[in-house]
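# Descriptive analysis of the structure
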Amino acid sequence: MNEQAEKLALRTEAKRIRSGAAEMLGINAAEQAATHGLKLFSAFEKGATIAAYWPIGDELDPRFLMLKLERAGYRVALPVVTEEEAPLCFRLWGQGDPLIKGPFSTVHPADDAPMVTPDALIAPLLAFDEDCYRLGWGGGYYDRTLAANSGIKAFGFAYAAQFVDNLPRGQHDWPLQGVITEAGVILPKK
C-alpha cells in the first residue's frame, strides 16, 4: 500500500477515534489541555504571538487555551486560507473580535485584522505518533506553512487517544515540537 492509500485508511480510523474521545471526554479535556498548554507556552516571552485554530466538528477545542494565553499577555492569531496550495496566513484575533467564514468550514478574523507571523502555532490533527508527526486532513496547509516559516514552533492539540504507533510519512511532512493533550504535553522521542 502506498503512502497516500495508507494515510486515507488511517484518516477514516482516526476520525472514528477522535469522535469517540470527544464524546467521552468532552469539554473537560479541552480545559485540561489548556492548562498544560499554558505551562508549555510560559517559556515564550510575554507578547509572543501564538496562532491557534477555531475548532471544526469534534476537534479538541483550543479556545480555553487561547483565552488563557491572551489573559497571560500573549497575542493570539488565527489562520487564514488565502488560496489552494499556499501556506496559511495569520491575522491577530482577540476575544470578542469578529470572525468571518472561510473555505473548508473555517472561520478567521476579519480582513482588517493585522497580518502577523506567529512565534508558535497550535495545529489540529487527526492522529500523531511518538515522533510528533501529525496526520491532518490532507490539504498540506500546515506543512507548507512550516516549510515556508521554519522559525515557527509548531505544536499539535489533540486528545491523547489520537496517538498511533506509526504514521506514514512523505517528503513534505513536518514534525511538530510536541503535542498538547488533556494528559500532558507529549514531546518527540527522537
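What this report covers is the structure whose coordinates are included nearby. Everything numeric in this text was worked out from a predicted model, so none of it was measured.

## Details of the pattern of salt bridges
For the structure on display, the rule yields eight salt bridges. Between K7 and E3 there is a salt bridge whose closest N-O contact spans 3.0 Å. Taken as a pair, K7 and E3 lie in helix α1 (residues 3-41) at a separation of four residues, close to a single helical turn. Note that E85 is salt-bridged to R144, the shortest N-O span being 3.8 Å.

## As for the nonpolar core
Among soluble globular proteins, nonpolar side chains are generally buried collectively. Counting residues in each nonpolar core, the largest one holds 46 residues, and the members touching the most others are F41, L121 and I122. Among the elements that line this core, the one with the most residues is α1, at seven residues. Those residues in contact with L121, other than ones at most four positions away along the chain, are A51, F90, Y142, T145, L146, I152, K153, A154 and F155. By size, the runner-up hydrophobic cluster in this structure holds eight residues, among which are L10, L126, Y133 and L167.

## Side note on the pairing of strand β2 (residues 75-80)
Most of β2 is tucked away, with five of its six residues classed as buried. Sheet topology note: the strand β1 (residues 49-51)/β2 ladder contains three bridges and is parallel. Looking at the pairing, I50 lines up with V76 of β2. Following the backbone out of β1, through helix α2 (residues 63-71) and into the adjacent parallel β2, one traces a crossover that is right-handed. Sheet topology places β2 next to strand β3 (residues 89-92); four bridges connect them, and they run antiparallel. In the strand pairing of β3, P79 is matched with F90.

The rules behind these values
- Residues numbered from 1 in each chain as written.
- Predicted model: local features only at pLDDT ≥ 70, side-chain atom pairs only at ≥ 80, totals over all residues.
- Heavy atoms only, no water.
- Salt bridge = Lys/Arg side-chain N within 4 Å of Asp/Glu carboxyl O.
- Helix = DSSP H or I, 4+ residues; strand = E, 2+ residues; numbered from the N terminus.
- Core = buried A, V, L, I, M, F, W, Y, C linked by side-chain atoms within 4.5 Å.
- Buried < 20%, exposed > 50% of the residue type's maximum accessible area, 1.4 Å probe, protein only.
- Contact = heavy atoms within 4.5 Å.
- Pairing = 2+ DSSP bridges.
- Right-handed = clockwise from strand over helix to strand, strands pointing away.

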